Amino acid sequence: MKAVKIADLKSNLSRHLRDVRSGRALTVLDRETPIARLVPIDSGDDVVVTLPAGDAPAIGDLDLPPPIRIKVDVVKLLLADRSRRG
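Conventions we followed
Residues numbered from 1 in each chain as written. Predicted model: local features only at pLDDT ≥ 70, side-chain atom pairs only at ≥ 80, totals over all residues. Heavy atoms only, no water. Core = buried A, V, L, I, M, F, W, Y, C linked by side-chain atoms within 4.5 Å. Buried < 20%, exposed > 50% of the residue type's maximum accessible area, 1.4 Å probe, protein only. Contact = heavy atoms within 4.5 Å. Pairing = 2+ DSSP bridges. Helix = DSSP H or I, 4+ residues; strand = E, 2+ residues; numbered from the N terminus. Axes fitted to C-alpha atoms, helices over the stretch in contact; angles between N-to-C directions.

Here we look at the nonpolar core
Core analysis: the biggest nonpolar cluster contains five residues, these being Val4, Leu9, Val20, Leu26 and Val28. Residues in contact with valine 28, not counting those within four places in the same chain, are Val4, Ile6, Leu9, Thr33, Pro34, Ile35, Ala36 and Leu38.

Pasting the structure below:
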């Protein structure tokens, strides 16, 4: 079984997915710690793909909620958090 670190997986995702599709399992490592395994789907696995109902609205037609009004400067909060983390 092939092992790959997260950065390599992100950089070469298509290649790694082709390997999995061809039947090879892949272990994902966070530094040296295994955190996930990508394995090919067997033809017998229960994979269910459903399409939206015919009367479902298009995403572009959906109404978005109104923006949240807050009295906090989010940029200042983010900068303060980043400075605390070093």
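Overview of the sheet that holds strand S2 (residues 26-30)
Pairing is mixed in the open sheet, where three strands are placed in the order S1-S2-S3. Lying at the two open borders of the sheet, with one neighbouring strand each, are strand S1 (2-5) and strand S3 (33-38). Neighbouring strand axes in the sheet, compared pairwise and without regard to direction, differ in orientation by 30° on average. Where S1 lies against S2, four bridges are found, and the strand directions are parallel. The residue bridging valine 4 from the neighbouring strand is valine 28, located in S2. Along the sheet, helix H2 (residues 13-21) makes contact with S1, S2 and S3, crossing S1 at roughly 160°.

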